[in-house]
Amino acid sequence: MSPEEDKITRISIEPEKQSLLDHHTEKHFTAGEIVRDIIIGVSDGLTVPFALAAGLSGANASSSIVLTAGIAEVAAGAISMGLGGYLAAKSEEDHYAREMKREQEEIVAVPETEAAEVAEILAQYGIEPHEYSPVVNALRKNPQAWLDFMMRFELGLEKPDPKRALQSAFTIAIAYVLGGFIPLLPYMLIPHAIDAVVASVVITLFALFIFGYAKGHFTGSKPLRSAFETAFIGAIASAAAFCLAKVVQH
């Protein structure tokens, strides 16, 4: 909330209620979008290079080849995933702008209909006509507040952060790189790929388990269940890639 908006809020709220708000600290988790981007980046970063390295190891490639291919995949994957996050966020911005323009036009062209929609929305919360009529009238006197109300409660849209697109791109890309180098680490230290793949499996599954637990904790699901599910998916992906490479080789 900007200083101007905060000032307006303080002026419009009774002093006693404002005092209660000042002494109340919300404990809700508010970094959902960032956590979502990290989850997307790390989960793919751990799984895709892991499966690629396992597949190449199954084809009896040397550690240097696996490492080279793995680094190339991490770079390409980070760029691709980051670009995908950027485009998704920009699409969200564009969608919000289009809907806001349409809503602005409707407020001007058919104000009575829009006012009736406000009344309908409030009625859904059990508010009686004599209670919501002053609210409808107050909104009609404040076009910006009226527009914000319709965007949020009629369309269910929150105004996107203008920095969201770049933030999402960088977060996903960096998370992908960090996750991607974990399964490749053994190949930097062990010259024989068939030996390195064992260490890679152990390290990556452990990382997937920890990541799954953290994901479950932040998203509100059962951490242990999330940890086992995440590690299981990674194990299936790597095993499938390894076995497929063996089959193709023979």
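Residues numbered from 1 in each chain as written. Predicted model: local features only at pLDDT ≥ 70, side-chain atom pairs only at ≥ 80, totals over all residues. Heavy atoms only, no water.

Looking at an unreviewed UniProt entry, one finds the protein chain named Vacuolar iron transporter and attributed to Arabidopsis lyrata subsp. lyrata. Turning to the protein chain, the UniProt record has this under Subcellular location (unreviewed entry): "Vacuole membrane". Quoted verbatim from the Subunit (unreviewed entry) field of UniProt, the annotation for the protein chain is "Homodimer." (UniProt positions renumbered as here; feature names shortened; annotations may be inferred.)

Participant: I tried to follow the packing of helix 5 (residues 111–123) against helix 7 (residues 143–154) on my own but got confused; where do I start?
Facilitator: Geometrically, a packed helix pair is captured by the angle between its two axes and the distance between the axes. Two elements in contact, helix 5 and helix 7, have axes whose closest approach is 11 Å; the angle formed by their N-to-C orientations is 50 degrees. The angle between helix 5 and helix 7 falls in the class oblique. With respect to the hand of their crossing, helix 5 and helix 7 are arranged in left-handed fashion. On helix 7, the residues that touch Pro 111, Glu 114, Ala 115, Glu 117, Val 118, Ile 121 and Leu 122 of helix 5 are Trp 146, Phe 149, Met 150, Phe 153 and Glu 154. Classifying every residue of the contact of helix 5 with helix 7 by side-chain character gives nine nonpolar, no polar and three charged. (Axes fitted to C-alpha atoms, helices over the stretch in contact; angles between N-to-C directions. Helix = DSSP H or I, 4+ residues; strand = E, 2+ residues; numbered from the N terminus. Parallel < 35°, antiparallel > 145°, perpendicular 65-115°, else oblique. Left-handed = near helix turned anticlockwise from the far one by under 90°. Contact = heavy atoms within 4.5 Å. Nonpolar A, V, L, I, M, F, W, Y, C, P; charged D, E, K, R; others polar.)

Participant: Would you mind going over the packing of helix 4 (residues 63–109) against helix 7 with me for this structure?
Facilitator: Running from N to C, helix 4 and helix 7 cross one another at 125 degrees; their axes reach a closest spacing of 10 Å. Taken as axis vectors, helix 4 and helix 7 run oblique relative to one another. As helix 4 packs across helix 7, the resulting crossing turns out to be right-handed. Judged by residue contacts, Tyr 96, Glu 99, Met 100, Glu 103, Gln 104 and Ile 107 of helix 4 engage Trp 146, Leu 147, Met 150, Met 151 and Glu 154 from helix 7. Of the residues belonging to the contact of helix 4 with helix 7, the class tally is seven nonpolar, one polar and three charged.

Participant: How should I be thinking about the side chain of Thr 47 in this particular structure?
Facilitator: Take Thr 47: it is sitting in helix 3 (residues 32–58). Take Thr 47: its relative accessible area is 18%, and that puts it in the buried class. (Buried < 20%, exposed > 50% of the residue type's maximum accessible area, 1.4 Å probe, protein only.)

Participant: Sorry, what's going on with the pattern of salt bridges here?
Facilitator: Pairs can form between side chains of opposite charge once their charged atoms are near each other. Considering all chains together, one arrives at six salt bridges under this definition. The residue Asp 37 makes a salt bridge to Arg 36 at a minimum N-O spacing of 4.0 Å. Note on Asp 37: relative accessible area 1%, which makes it buried. On the basis of relative accessible area, Arg 36 is assigned to the partly exposed category, the value being 43%. The partner of Glu 93 in a salt bridge is Lys 90, and the shortest N-O contact between them spans 3.6 Å. One end of the pair is Glu 93 and the other is Lys 90, both in helix 4 and three residues apart, which spans about a single turn. (Salt bridge = Lys/Arg side-chain N within 4 Å of Asp/Glu carboxyl O.)

Participant: Would you mind going over the packing of aromatic side chains with me for this structure?
Facilitator: Working definition: an aromatic ring pair is given by the centre-to-centre distance plus the angle between the planes. All told, the structure shown has one aromatic pair when counted by the stated rule. Judged by centre distance (5.1 Å) and plane angle (80 degrees), the ring pair of Phe 209 and Phe 228 falls under edge-to-face. Linking Phe 209 in helix 9 (residues 193–219) with Phe 228 in helix 10 (residues 223–249), this pair joins segments that are 19 residues apart in sequence. Since its relative accessible area comes to 24%, Phe 209 is described here as partly exposed. (Phe/Tyr/Trp six-rings, centres within 6.5 Å; stacked < 30°, edge-to-face > 60°.)

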